[in-house]
Amino acid sequence: MAKDPSFCHVFLSFRGETRNKFTCFLYEALKAEGFVAFMDKTDIRVGDEVDLTIKEGIRNSMSAIIIFSQNYAYSTWCLDELVLILERKKNSRYFIIPIFYEVEIRDIKHQLGNYGLALEKHRKRHNDKVDKWREALVQVGNILGDHVEGLQSTFIQNTVKLFREKLAAKFPECRLPPPKISALQSGSSSSMSRPEPSNDTVILYTVSVNNGLGANGLVKKVLMSGNVVFEERNCSKEPKYLRELEELVGNDKVRFPMVIVNGKDLCGEEEVEGLDDFENKYKLMRVLNMLYASAKSVESLQDMFSRTTSLAGGSFQDTTSNSMYGRYL
């Protein structure tokens, strides 16, 4: 199949909240398998109408993967994209794969929770579009999709595999790029091939400090620089992750942010096997150790200040030392 400059195998529809958590990794996984994916590069959208680039991306794609998240329906752009995608699907072989990221399918299909609230909010300015958006949500809610569950890297790998199968079934005349995983398993010794990121199980444990910026953002940036597929588990939002981490490394060894590779602390005493294809592995370890050292210095200063004010008869209390944020960076 001849490809024009705007051709793409798949259009990715998503809200910006999933960009760095999920969508960018799905995009890179599709790209690594040789597929051309359209992913909007900006979260800054001016005006109410979907721009021409987005419309062309949908028109020139063979399929769409829609990542539904908590705030997807609050974006009129996302809802307009959804309508255009469903229109593209009519009377064609175009297919859709819905993905549900931290949201239930019933919320989309029946407009419950944030989806119902969002449509009511839109009625003030877009009353003429709300019924069409609601109809589109009902329609896409009847298409079989998957919830993001378990290890994110495995889910993404399975999604790419499913996409390949659907594309081959819908467009048998389309010459698909050869699967990279098969090439590796067949013993290819090409210097250009490298192990897939999903070969290693990488989990980043974090706490909510400065809305994910600072230390958490720095570690994510290093991981993403090497295309490492990882799952982030926020212990502030889900206490079960903290208990999970304590059982894994021991209560006295927990610190944040923490990178676990194949079940072991990347900066722990035991040697970690994995991330051998990640050029910045040792840079990441240095960054983590610097963050841990900085956290200890801050704790020492807090303790010293607390003791000093106590001896001076002051009433200072270190209210942060017993909290999750004070205990960990």
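Up top you'll find the structure we're talking about.
The following refers to the structure shown. Since this is a predicted model, take the numbers as computed values, not measurements. (Residues numbered from 1 in each chain as written. Predicted model: local features only at pLDDT ≥ 70, side-chain atom pairs only at ≥ 80, totals over all residues. Heavy atoms only, no water.)

## Focus on the overall build of the chain
When you go through the chain residue by residue, the secondary structure sums to 11 helices and nine strands. Out of the 329 residues belonging to the chain, those deemed buried represent 43%. Partitioning the intrachain contacts of the chain with sequence separation of at least 6 by distance along the chain shows that 73% fall at a separation of at least 24. When the accessible area of the chain is evaluated, it comes to approximately 18,000 Å², of which 50% is carbon and sulfur surface. (Helix = DSSP H or I, 4+ residues; strand = E, 2+ residues; numbered from the N terminus. Buried < 20%, exposed > 50% of the residue type's maximum accessible area, 1.4 Å probe, protein only. Contact = heavy atoms within 4.5 Å. Areas by Shrake-Rupley, 256 points an atom, 1.4 Å probe, with all protein chains shown as cover.)

## As for the environment of Ala136
By the secondary structure assignment, Ala136 is in helix α5 (residues 114-141). With relative accessibility at 5%, the residue Ala136 sits in the buried group. Linking Ala136 and Leu79, residues 57 residues apart in sequence, is a C-alpha distance of 8.2 Å.

## Observations concerning the packing of aromatic side chains
What the rule picks out here adds up to eight aromatic pairs. Here Phe11 and Phe38 contribute two aromatic rings whose centre-to-centre distance is 5.1 Å and whose plane-to-plane angle is 15 degrees, an arrangement assigned as stacked. In this pair, Phe11 is assigned in strand β1 (residues 10-14) and Phe38 in strand β2 (residues 37-38), connecting sequence segments 27 residues apart. Here Phe11 and Phe38 have matching classes, each one buried. For the ring pair Phe35 and Phe163, a centre distance of 5.0 Å and an interplane angle of 85 degrees mean the geometry is edge-to-face. Of this pair, Phe35 sits in the loop between α1 (19-32) and β2 while Phe163 is found in helix α6 (residues 152-170), placing the two residues 128 residues apart along the sequence. For the pair shown, Phe35 and Phe163 are each scored as buried. Feature note: the residues Phe22, Tyr101 and Phe155 constitute an aromatic cluster, connected by ring pairs. (Phe/Tyr/Trp six-rings, centres within 6.5 Å; stacked < 30°, edge-to-face > 60°.)

## A word on the pairing of β1
The buried fraction of β1 amounts to five of the five residues, a majority that puts the element mostly inside the structure. Covered by surrounding structure in β1 are Val10, Leu12 and Phe14 together with Phe11 and Ser13, the residues of both alternating faces. The sheet contact formed by β1 and β2 spans two bridges and is parallel. Note on β2: the bridge partner recorded for Val10 is Ala37. Since β1 and β2 lie parallel, the crossover through α1 that links them has a hand, and here it is right-handed. Inspection of the sheet shows β1 paired to strand β3 (residues 63-68) by four bridges, in the parallel sense. By the bridge assignment for β3, Phe11 is matched with Ala64. (Pairing = 2+ DSSP bridges. Right-handed = clockwise from strand over helix to strand, strands pointing away.)

## Focus on the environment of Trp77
Among the secondary structure elements, Trp77 is positioned in helix α3 (residues 76-89). Along the sequence, Trp77 and Arg15 sit 62 residues apart, while their C-alpha atoms lie 9.1 Å from each other.

## Re unusual backbone geometry
Following Phe256, the chain continues into Pro257 via a peptide bond in cis, with omega recorded as -10 degrees. With respect to the helices and strands, the residue Pro257 is situated in the loop between α9 (239-249) and β8 (258-261). Although it is not a glycine, Glu102 adopts a positive phi angle of roughly 55 degrees. The phi torsion at Gln111 lies on the positive side, around 50 degrees, for a residue other than glycine. Tracing the backbone shows Gln111 in the loop between α4 (105-109) and α5. A relative accessible area of 11% places Gln111 in the buried class.

## Digging into the sheet that holds strand β5 (residues 146-147)
Strand order across the open sheet formed by five strands is β2-β1-β3-β4-β5, with parallel pairing between neighbours. Looking at the sheet topology across the chains shown, the edges are occupied by β2 and β5. Sheet topology places strand β4 (residues 95-100) next to β5; two bridges connect them, and they run parallel. Within the sheet, the bridge partner assigned to Ile99 lies in β5 and is Asp146. On the sheet, α3 packs against β1, β3 and β4 and is oriented at approximately 150 degrees with respect to β1. (Axes fitted to C-alpha atoms, helices over the stretch in contact; angles between N-to-C directions.)

## Some remarks on the pattern of salt bridges
Counted by the stated rule, this structure contains 12 salt bridges. The partner of Glu33 in a salt bridge is Arg164, with the nearest N and O atoms 3.3 Å apart. Placement of Glu33 in the loop between α1 and β2 and of Arg164 in helix α6 is noted, with a sequence separation of 131 residues between them. Here Glu33 and Arg164 have matching classes, each one buried. For Arg233, the salt bridge is made with Glu244, and the minimal N-O distance between the two is 2.4 Å. Here Glu244 lies in helix α9 and Arg233 lies in strand β7 (residues 231-234), a separation of 11 residues in the sequence. Each of the salt bridges in this network shares a partner with another, and the network as a whole consists of Glu120, Arg123, Asp131 and Arg134. (Salt bridge = Lys/Arg side-chain N within 4 Å of Asp/Glu carboxyl O.)

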